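Coordinates in review
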Amino acid sequence: MAPPAARSIRVLRNLGGNGGSPYFKDITQTSGVPASLTGVSQVVVDDWNNDDVPDLFVARETQPSLLLTKLRGGGLTDTNSPSDWPSGKIIATGDLNNDLRTDAVIAAADTLTCLFGGLTNRFEIPLGNFRLNGLLLVDYDNDGWLDICAYGGGLRVWRNLGGNAGFQEMTKDLRLDQLVKGTVESIVAADFDNDCDTDLLLSVAGEGLQLLRNDGGNANRQLKLQLIGNRSNASGIGVRVEVTAGHWRTIRTVQSLPIEFGVGKHTQLDSINVHWFDMMLPVTEAKVDPCAPLALLELQFDKTGSCPYLYAWDGKRFRFVTDILSASPAGLRLTDDRFIDADNDEFVRVGDESLFQPRDGNYVLQVTEELREVLYLDAAELVVVDHPAGTEVHTTGKLLPGKPFPPHEIITLHDQHPLKQAVRSDGLDVTAALHEADGKLVSPVQLRIPQLRGLAEPWSVTLDFGALPVDRPLVLTLTGWLRYGGGMANVAASQNPDLPFPFPTLEVETEKNGWKPVNVVVGAPAGNTKTILVDLTGKLPGGSRRLRLSTAFEIHWDRLALFERLAGADTRIARLVPDLADLHWRGFSENENLPSYFPITPNYEKVCRNPRWRITPMGWCTRYGEARPLVERRDDALVLMNGGDELTLKFAADHLPPKRDGVVRDFFLYSSGWDKDADFHCEKGWLVEPIPWHGMDDQLYGKQQRPLIDGDWWMKKYNTRWVGPLTLKR
């Protein structure tokens, strides 16, 4: 906001609402707005540099107009503000030349200057002695080109002639010099009479409101949109909409309602792309229905960033296993000034011999990067675990609130204690659903709002395994999945001190003392379906009866079971490096059509060539081809994968150890690395660099310089493929 008396800028952050009432915090000092900024007459929010992040245009009468660019994961900066912009008290923005870039019109005392984004040419319109109160860019004749409307000492309109042809004043042709008398203080453009062209409602000093009906603009067609946001603004304010039809195209930032586009004579549009907060929603071959708004909904549970995907050959197809390195983000904010600590080593279970079978003499895994992010993969090994029949093997890895991270290992469990009863906090009996890992999920009672995706109202499950033998090496196994909220939800949640700590906690009930907390760090499943362990050895008091698992995360539990750790188990573990690691382009899987309480499940056999986003992290990535030297050991020589890339890992079947009689064979993937998405709140999320390394300070990501490691021999040899910032249309 720009208070008229102060002639400066104040930045107020919306912190959400308590009981439905929004409240704000003044963050001007930390926003990046120069403290010396004065003489401000107007501010406009729009995306000047086409990076899908809104920037701030600042009009100043006696000084050059200023551009404050918004940095992803950071504040505003005037570093890239053009030095040759004219001074002016009013600015209006829009795509004047239909090149899908934002342009600006700056109004000085006697001249309008049109500045075209990405170009050096300008167009000037003399105003003479016209008293100016404001500018409005509106397509009054529905020809698909934004026209310029200036108001103040009357109303003047210049028609956009298209392309580089400039503008022609139409004030007299439209009889505006006769219709509008007096001083126009403000103006609203909308199709008030619903005849498919845009009318003008004026506020005239001393005269009240004056409606100018548009007669004839509907000789061309008009597209009306109703945007319905979930995570983004509910009405679509600030959202950018890109429309194409034949050789015509344009992009508009929604700055007010209603949303009306002139589309010329086009009766059908090739595409409508809505640039929501972090994804694009494409609509193809849309018919222009006269005067009927087209409703476009922001998909609530789709995502553009999270983690790489893992697929395994099961004998018939590549089966989606889970996501990997979900607990190892680079530069992902937990709060405004703190990043999530990365646990960059992981074992994930691939399956047993029925779910993972050789293909042409090789066990084959596919690691894909299908989201708007970068995978930094340091190591990948196939871990073969032979364990006694009647036992289970699981990894000790899980998502933890922070450091220290215990070493990851694979342990053997036996002697399952049957679950007698499980009751959710609302009284629902969920025993049958939690007895086996069978896809029958127990979900939170109530989720938070979409802006707090991944969080839920506090809820719990009470578990009755009968009398607990507290002298035994008990291990609670928790199978389920966690919906990641991403940086936006993390930062939003950090602004509300009333939200509870979301990580799961465990309590135990005794006959004498009632419910008491158990001194363990429960953790959470990292992303898609995984099993985590809670070691209860020596943690439970005598007389323990029931356990209560509570959380404020959106976790969907599949199985909650109690085992004992098998000491001295004849479990043998072999680790194999890939015989082949081939990096290549693949594309983006379509997701299975599943209920919202299931994790996002990609279908490997259905591939889209193009992503749902326009901007991808920019920089040098690993060139396509053989990449085995980069993943055969944990040495900070990394495979850098961008959206659409796939790494095929092959392990020769005859390199596996022979299987002994009486044992069961399970497979795990060991991976080491990081993943960084382009979330608005991710540090350097629009860049491939900085490249992380083992031993770096997670809290200094983007500031701490990577040391030279073994000469970094691999960078010049492998990092030769430039990606971004725009995605390629295939």
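All values reported here derive from a predicted model rather than from experimental measurement.

Conventions adopted
- Residues numbered from 1 in each chain as written.
- Predicted model: local features only at pLDDT ≥ 70, side-chain atom pairs only at ≥ 80, totals over all residues.
- Heavy atoms only, no water.
- Pairing = 2+ DSSP bridges.
- Helix = DSSP H or I, 4+ residues; strand = E, 2+ residues; numbered from the N terminus.
- Axes fitted to C-alpha atoms, helices over the stretch in contact; angles between N-to-C directions.
- Contact = heavy atoms within 4.5 Å.
- Domains from an automatic or database assignment.
- Buried area = accessible area lost by both parts, 1.4 Å probe.
- Salt bridge = Lys/Arg side-chain N within 4 Å of Asp/Glu carboxyl O.
- Polar contact = N/O pair within 3.5 Å; in protein donor to acceptor, adjacent residues only side chain to side chain.
- Nonpolar A, V, L, I, M, F, W, Y, C, P; charged D, E, K, R; others polar.
- Buried < 20%, exposed > 50% of the residue type's maximum accessible area, 1.4 Å probe, protein only.
- Core = buried A, V, L, I, M, F, W, Y, C linked by side-chain atoms within 4.5 Å.
- Patch = residues over 30% accessible without salt bridge, like charges linked within 9 Å, V, L, I, M, F, W, Y side chains within 5 Å.
- Areas by Shrake-Rupley, 256 points an atom, 1.4 Å probe, with all protein chains shown as cover.
- Disulfide = S-S within 2.5 Å.
- Phe/Tyr/Trp six-rings, centres within 6.5 Å; stacked < 30°, edge-to-face > 60°.
- Lys NZ or Arg CZ within 6 Å of the ring centre and 35° of its normal.

The next thing to look at is the sheet that holds strand 11 (residues 122-126). Sheet architecture is open: four strands sit in the order 8-9-10-11, paired in antiparallel fashion. In this open sheet, the two edge strands, each paired with only one partner strand, are strand 8 (90-94) and strand 11. For this sheet, the mean angle separating the axes of adjacent strands, direction not counted, is 15°. Here strand 8 pairs with strand 9 (residues 103-107) via five bridges, running antiparallel. Within strand 9, the residue paired with Thr-93 across the bridge is Ala-104.

Turning our eyes to something else, we now look at the environment of Leu-452. Summarising the element assignment, Leu-452 is placed in the loop between helix 2 (431-434) and strand 36 (455-464). With 34 residues separating them in the primary sequence, Leu-452 and Gly-486 have C-alpha atoms 9.2 Å apart. The contacts of Leu-452, once residues within four sequence positions are left out, are Ala-489, Ala-492, Ala-493 and Leu-499.

Moving on, we get to the domain arrangement of the protein chain. In terms of domain boundaries, the protein chain breaks down into domain 1 (12-219), domain 2 (221-297), domain 3 (304-387 + 570-729) and domain 4 (392-568). Relative to domain 4, the C-alpha centre of domain 2 lies at a distance of 44 Å. Each partner contributes to the interface: domain 2 provides four residues, whereas domain 4 provides six residues. Counting each side, the surface lost to burial between domain 2 and domain 4 is near 450 Å², with a carbon and sulfur contribution of 49%. Three residues stand out in domain 2 for area buried against domain 4, namely Asn-230, Arg-231 and Phe-277, and they jointly supply 96% of the buried area on that side. At the surface where domain 2 touches domain 4, the tally comes to zero salt bridges. Linking domain 2 to domain 4 there are zero residue pairs in polar contact (both at pLDDT 80 or more). Across the side of domain 2 that touches domain 4, the residue classes tally to one nonpolar, two polar and one charged.

A separate point is the pairing of strand 44 (residues 580-585). As a general feature of sheets, a regular strand has side chains that alternate between the two faces. Two elements, strand 44 and strand 50 (residues 645-652), share six bridges in a ladder whose sense is antiparallel. Residue pairing for strand 50: Ala-581 is matched across the bridge by Leu-649.

Here Thr-648 lies in strand 50. Owing to a relative accessible area of 9%, Thr-648 belongs among the buried residues under this scheme. Apart from the residues lying within four places of it in its own chain, the contact partners of Thr-648 are Val-364, Leu-365, Gln-366, Leu-580, Ala-581, Asp-582 and His-584.

Since the α-helix packs 3.6 residues into each turn, any two residues three or four apart lie on the same face. Among the nine residues of helix 3 (residues 486-494), seven are classified as buried, and the element is accordingly described as predominantly covered. For helix 3, every residue scored as buried is listed here: Gly-486, Gly-487, Met-488, Ala-489, Asn-490, Val-491 and Ala-493.

The phi torsion of most residues other than glycine is negative, and most of the peptide bonds are trans. Here the bond from Leu-257 into Pro-258 is cis, since omega is 0°, no more than 30 degrees from zero. Assignment of secondary structure puts Pro-258 in the loop between strand 21 (248-253) and strand 22 (259-264). Omega for the peptide link from Lys-403 to Pro-404 comes to 5°, which places this bond in the cis form. With respect to the secondary-structure elements, Pro-404 resides in the loop between strand 33 (392-395) and strand 34 (410-417).

Think of it this way: side chains of opposite charge can pair up when their charged atoms draw near. Evaluated as defined, the whole model comprises 39 salt bridges. Here Arg-448 ties to Glu-457 by a salt bridge, and the two come within 3.1 Å at their closest N and O atoms. A single salt-bridge network, built from bridges that share partners, covers Asp-47, Asp-52, Arg-240 and Arg-614.

Here we take up the nonpolar core. Core analysis: the biggest nonpolar cluster contains 49 residues, and Leu-310, Val-350, Leu-365, Tyr-376 and Leu-647 have the highest contact counts within it. Apart from the residues within four sequence positions on either side, Leu-647 is in contact with Leu-365, Gln-366, Val-367, Leu-377, Ala-581, Asp-582, Leu-583, Ala-627, Val-631 and Met-641. Core analysis: the next-biggest nonpolar cluster, separate from the first, contains 40 residues, Leu-419, Ala-433, Ile-532 and Trp-557 among them.

Right, let's talk about a nonpolar patch on the surface for a bit. A grouping of Met-1, Leu-12 and Phe-24 is seen on the molecular surface, where their side chains present a nonpolar patch of about 300 Å² in accessible area. Along the polypeptide, Leu-12 turns up in strand 1 (residues 12-18).

This part covers the state of the cysteines. Enumeration according to the criterion identifies one disulfide in this entry. Two residues, Cys-196 and Cys-291, share a disulfide whose sulfurs are 1.7 Å apart. Because the sign of the S-S torsion sets the handedness, a value of about -135° for the bond joining Cys-196 and Cys-291 places this disulfide among the left-handed ones. Placement of Cys-196 in the loop between strand 16 (184-190) and strand 17 (199-204) and of Cys-291 in the loop between strand 24 (280-287) and strand 25 (294-297) is noted, with a sequence separation of 95 residues between them. Judged by its relative accessible area of 19%, Cys-291 falls in the buried class. No disulfide involves Cys-307; its nearest neighbouring cysteine sulfur is the one of Cys-682, lying 12 Å away.

When strand 10 (residues 111-115) meets strand 11, the two strands line up antiparallel, connected through five bridges. Each bridged residue has a counterpart across the sheet, and for Thr-111 the counterpart in strand 11 is Pro-126. Connecting strand 10 to the next strand, strand 11, in antiparallel fashion are six residues, including Gly-118 with a positive phi near 80°.

Here we take up the packing of aromatic side chains. Here the structure, examined in full by the defined rule, presents 20 aromatic pairs. Taking 5.1 Å as the distance between ring centres and 85° as the angle between the ring planes, the aromatic pair formed by Phe-356 and Phe-667 counts as edge-to-face. Linking Phe-356 in the loop between strand 30 (345-352) and strand 31 (362-369) with Phe-667 in strand 51 (residues 663-677), this pair joins segments that are 311 residues apart in sequence. Judged by its relative accessible area of 1%, Phe-356 falls in the buried class. Under the relative-accessibility criterion, Phe-667 is labelled buried at 0%. A ring pair is formed by Phe-503 and Phe-553, whose centres lie 4.9 Å apart and whose planes are at 70°; its orientation type is edge-to-face. Of this pair, Phe-503 sits in the loop between helix 3 and strand 38 (505-510) while Phe-553 sits in strand 41 (residues 544-553); the two residues are 50 residues apart in sequence, bridging distant segments of the chain. For the pair formed by Phe-503 and Phe-553, the shared burial category is buried. Ring-pair connections join several aromatic residues into one group, and the members of that group are Tyr-309, Tyr-311, Trp-313, Phe-318, Phe-320 and Tyr-604. Against the face of Trp-313 rests Arg-359, its NZ or CZ located 4.2 Å from the ring centre.

Right, let's talk about the sheet that holds strand 31 for a bit. The strand order across the open sheet formed by six strands is 27-26-31-50-44-48, and the pairing between neighbours is antiparallel. Unpaired on one side and paired on the other, strand 27 (318-323) and strand 48 (625-626) mark the two borders of the sheet.

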